[in-house]
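A look at the structure
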Amino acid sequence: MFGSIFSWLNIILKRDLLIAFRKSSTYITPLVFFLIVVTFFPLALGPQESLLSSLAPGVIWIAALLASLLAVETIFSDDFRDGTLDEFFISLEPSFILVFAKVLIHWLITGLPILFASLIAAIVLYLPFESFIPMLLSLILGTSFMSLLGALGAALSLGRSAILSAIIVLPFSIPTLLMGTSVISSSLTNQDFSGFLMIMGAMLAIGIPLLCLLTVEALLLNYE
Amino acid sequence: MLPNLKVENLSCVRSNKVVFENINFEVFPGENLEIIGSNGSGKTTLLRTILGLIKPEKGIINWLDENDKFNDFRTFECFYQGHQLGIKNLLTVYENLQLTHGAKGMDENKIYECLERVGLMHINELASNLSVGQRKRISIARWLVKNFKIYFIDEPFSALDDEATSMIEHLIQELNSKGCSFVITGHRPSQVKANRISI
Amino acid sequence: MGSPPLFYNWSSKIIPWLGLLTLLVLLIGLYWGLFLAPMDYKQGDVYRIIYIHVPSAILGESIFIFMAICGFINVIWRAKISGMLLKAAAPIGMSFTLLVLVTGSVWGKPTWGTWWVWDARLTSTLILFFIYAALIGLHSTIEDKTKADRAVSILSIVGVAIIPVIKKSVDWWQTLHQPSTFTITSSPSMSPDMYIPLLVCLIGFYLFFAYMLTLNLRNVVIERESSKNWVKHVMDQESK
């Protein structure tokens, strides 16, 4: 039973990563978008080092949030259009595991590039070196949660406007934004940030089963 | 012998309108069923309802399990091919066959064999470069990777030339002899030997 | 309340009485709170806005919980009526949340000296407002209304996770906003003269919600079932 799930997960991961690899825009677009948004802040606010380093947590997080929402609409739309999504529900494997696989793929092609880009952003925004690790940790937890939320938004707005999924998802992403920026800001002032990380971890832990199950329901709506 | 699938009294209502009503049929191993209906008569909805994508308003869908008992859930894999064939443009012909649910745990030679059977030669060509007919052949090759108990095929004979049509008829016959059943839809009765219902 | 025509007939009978009761309780509560209750020694008469502010805040949140429960029932058991309830409750909840934000900033100007502060309580209420907007927006984009109900049900279940965040946020970011007025576990910090009219107002607001919900649900039911015979029958009768 589990062997069959893993070999199917393996196939989905291989297929989607291969497609993403052949269509480089899927992983380059969020990356470039992130860097452009980050660049705008010094241009708009002026290049003072103290100002930028105090604003860096917020800037990095806003850019990460928007960038990870950028490709959200494509999580299911291609699969739905060409009929591969049907396989998910016809197969005997539980569908929420397959939704989880799609979320994981989305994170690998948007969240992971953003993590690397955030290092560049941190350097150009003069974020102190000690804050790099908290920033990365908060981004890992936060962007994964965004991918989960994004999947639900994408499933609910499948076949409708791409903007709709962003509008659905954005209000729900505010706690992530608050926690994520708090992690980096607390590390700037040498305060304990583990509490915020734990809340983010808890949100992710509850979110994975809950949001995957709800996403399955939302996807099935599109077949009726 | 017991049927693999038994549908009783199935009805579907969508936004206060009846899509289909009182559908009854049985699918025995090695026998086929053809659902005839015009455009928009709910053929696709019926297939999706049977496969559990849509909850039926009324009626029972019974599947046979290994212990010869009927359940309202399915314990064996089925094959489903909708209007969209489930073909990825950015994958090659070979990958389109290899990276599907049915081909889980299949070895390379079996996949080559299947592609050869349906007459697909350029297996390293990207699917985006193929014609409609050739894409259809990929999806037909998928029938062969494994023997499924029941194949649900939505309009298998649309957009096909005579050669491909006779190939499909031949394949259905061959799979029937191995105990596989086909549930297919169409606008008018096809040449396939099958029980027919119209909706 | 199982069948739509039954509900429609039943609600026609109950609506005038419910409306009357609502009006009565609201009038008593508001008159008591706005005119009879003693003045606050620190804030003066300004504090009296709590007789609108606090009940609408509680309503805004509890309507959301109500919607999430309806949503949960709709997703699990596919009960269409709960989807309609959800749809009927959403605009009411959104209006109450808007009322909280407006009365809050009217109150904030004389007491804090500013219309708006980026305090956790205020911000999370604003988020709640956005979530209401997202739910209503999503509903309007899906043509098939039964499907729209289910989509919104799914989203409301996610949204209800935000309510504990709102509750907890005051403790997480200790800022301007005072702690909750109502707590179930401990005795109120206000004097009973101020507290009891507030309770009456709260009951009045809940009744108002029930009244509005029934009215809205009637509209939703009529709209959904517009092709059915009983609706035509009812419409003929009412136009006579």
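Residues numbered from 1 in each chain as written. Chains lettered and ligands numbered in written order. Predicted model: local features only at pLDDT ≥ 70, side-chain atom pairs only at ≥ 80, totals over all residues.

Secondary structure assignment for chain B yields five helices and nine strands. Traced from its N-terminal end to its C-terminal end, chain B shows the element sequence β-β-β-α-β-β-β-α-α-α-β-α-β-β. Taking 16 Å as the expected radius of gyration for a compact globule of 199 residues, we find that chain B reaches 17 Å, a close match to that expectation. If one aligns the C-alpha atoms of chain B with their principal axes, the spans along those axes are about 45 × 40 × 30 Å. Across the 199 residues in chain B, those meeting the buried criterion constitute 37%. Restricting to contacts in chain B with at least 6 residues of sequence separation, those with at least 24 account for 71%. (Helix = DSSP H or I, 4+ residues; strand = E, 2+ residues; numbered from the N terminus. Rg over C-alpha atoms; globule rule 2.2 N^0.38 Å. Buried ≥ 20, exposed ≤ 12 C-beta atoms within 10 Å, placed from the backbone. Contact = placed C-beta atoms within 7 Å.)

Right, let's talk about the overall build of chain C for a bit. Helix and strand counts for chain C come out as eight helices and zero strands. For chain C, the sequential pattern of α-helices and β-strands runs α-α-α-α-α-α-α-α. Out of the 240 residues belonging to chain C, those deemed buried represent 35%. For chain C, the share of sequence-separated contacts (at least 6 apart) that also reach a separation of at least 24 residues comes to 80%.

It is worth spelling out the nonpolar core at this point. Grouped burial of nonpolar side chains is what soluble globular proteins tend to show. With 118 residues, the main nonpolar core has Ile60 of chain A together with Leu155 of chain C as its most contacted residues. Ranked by residues supplied to this core, first place goes to helix H7 (residues 132–156) of chain A with 13 residues. Excluding residues that lie within four positions of it along the chain, leucine 155 of chain C makes contacts with Leu156 and Ile168 of chain A together with Ala134, Leu135 and Leu138 of chain C. (Core = buried A, V, L, I, M, F, W, Y, C linked by C-beta atoms within 7 Å.)

All names here are of chain B. As summarised here, the arrangement of the five strands in space is S6-S7-S8-S3-S9, forming an open sheet in which the pairing is parallel. Each edge of the open sheet carries a strand with a single partner, namely strand S6 (79–81) and strand S9 (195–198). If you compare each strand with its neighbour and ignore which way they point, the axes differ by 15° on average. As judged from the five bridges shared by strand S3 (residues 32–36) and strand S8 (residues 181–186), these two strands associate in the parallel manner. What sits directly across from isoleucine 35, in S8, is threonine 185. (Pairing = 2+ DSSP bridges. Axes fitted to C-alpha atoms, helices over the stretch in contact; angles between N-to-C directions.)

A few words now on the sheet that holds strand S2 (residues 17–27) of chain B. All names here are of chain B. Read from one edge of the open sheet, four strands run S2-S1-S4-S5, paired in antiparallel fashion. Every interior strand has two partners, whereas the edge strands, S2 and strand S5 (70–71), have only one. Here two bridges tie strand S4 (residues 58–64) to S5, and the two strands are oriented antiparallel to one another. Its bridge partner lying in S5, leucine 64 is registered against phenylalanine 70. Helix H1 (residues 43–50) contacts strand S1 (5–14), S2 and S4 of the sheet and is inclined by roughly 125° relative to S1.

A word on the interface of chain A and chain B. The interface is formed by 23 residues belonging to chain A together with 22 residues belonging to chain B. Elements represented by at least two residues in the side of chain A that touches chain B include exactly helix H1 (2–22), helix H4 (74–82) and helix H5 (84–90) of chain A. Element by element, the count of residues in the side of chain A that touches chain B is highest for H1 of chain A, at nine residues. Within the side of chain A that touches chain B, the residues separate by chemical class into nine nonpolar, five polar and nine charged. (Nonpolar A, V, L, I, M, F, W, Y, C, P; charged D, E, K, R; others polar.)

This next bit is on helix H5 (residues 145–159) of chain C. Residue and element names in this part refer to chain C. Along its 15 residues, H5 runs 20 Å from first to last C-alpha, staying within 8% of the 21 Å computed at 1.5 Å per residue. Most of H5 is tucked away, with 12 of its 15 residues classed as buried. What H5 keeps buried is the set Thr146, Asp149, Arg150, Ala151, Val152, Ser153, Ile154, Leu155, Ser156, Ile157, Val158 and Gly159. (Expected span 1.5 Å × (residues − 1).)

All names here are of chain A. Where helix H6 (residues 95–124) contacts helix H9 (residues 194–221), the axes come no closer than 9 Å and their chain directions differ by 105°. Considering the angle they form, H6 stands roughly perpendicular to H9. Residues Ser95, Phe96, Val99 and Phe100 of H6 form the contact with H9, whose participating residues are Ile208, Cys212, Leu213, Thr215 and Val216. Counted by class, the contact of H6 with H9 contains seven nonpolar, two polar and no charged residues. (Parallel < 35°, antiparallel > 145°, perpendicular 65-115°, else oblique.)

Positive phi, normally seen in glycine, also occurs at asparagine 190 of chain A, with a value near 60°. With respect to the secondary-structure elements, asparagine 190 of chain A resides in the loop between helix H8 (162–188) and H9. The class of asparagine 190 of chain A is exposed, set by 9 C-beta atoms lying within 10 Å. Even without glycine at this site, glutamate 155 of chain B takes up a positive phi of about 50°.

Residue and element names in this part refer to chain B. Within S8, six of the six residues are buried, which leaves it mostly tucked inside the rest of the structure. Where burial is concerned, the two faces of S8 agree: the one with Ser181, Val183 and Thr185 and the one with Phe182, Ile184 and Gly186 are both buried. Two strands pair when backbone bridges link them, and strand S7 (residues 150–153) and S8 are joined in this way by four bridges, in the parallel orientation. Note on S8: the bridge partner recorded for isoleucine 150 is serine 181.

What follows covers helix H3 (residues 80–112) of chain C. When the terminal C-alpha atoms of H3 of chain C are compared, their 46 Å separation across 33 residues agrees well with the 48 Å that a helix rising 1.5 Å per residue should span. Among the residues trailing H3 of chain C, glycine 113 of chain C stands out with phi positive, at a value near 85°.

Let us now look at the confidence of the model for chain C. Residue and element names in this part refer to chain C. On average, residues of chain C carry a pLDDT of 84, and 88% of them reach 70 or more. Looking across chain C, the model is least confident in helix H6 (residues 162–172), with a mean pLDDT of 61, and most confident in helix H2 (residues 50–77), with 93. Across the whole predicted complex the pTM is 0.88, and at the interface the ipTM reaches 0.88. (pLDDT = per-residue confidence, 0-100.)

What follows is about the environment of serine 177 of chain B. Residues and elements named next belong to chain B. Structurally, the position occupied by serine 177 is in helix H5 (residues 162–177). Among the residues examined, serine 177 registers 9 C-beta atoms within 10 Å and is labelled exposed. Along the primary structure serine 177 and glutamate 31 are separated by 146 residues, whereas in three dimensions their C-alpha atoms are 9.1 Å apart.

Residue and element names in this part refer to chain C. Looking at where tyrosine 8 falls in the secondary structure, it is placed in helix H1 (residues 4–36). According to the C-beta neighbour criterion, tyrosine 8 is partly exposed, with 17 such atoms within 10 Å. The sequence separation of tyrosine 8 and threonine 214 amounts to 206 residues, and the corresponding C-alpha distance is 9.4 Å. Among all residues touching tyrosine 8, those that are not within four sequence positions of it are Arg218, Val221 and Val234.

Glancing now at the environment of isoleucine 140 of chain A. All names here are of chain A. Structurally, isoleucine 140 is set in helix H7. Among the residues examined, isoleucine 140 registers 18 C-beta atoms within 10 Å and is labelled partly exposed. In the structure, isoleucine 140 is positioned 28 residues away from isoleucine 168 in sequence and 22 Å away in space, judged by C-alpha atoms.

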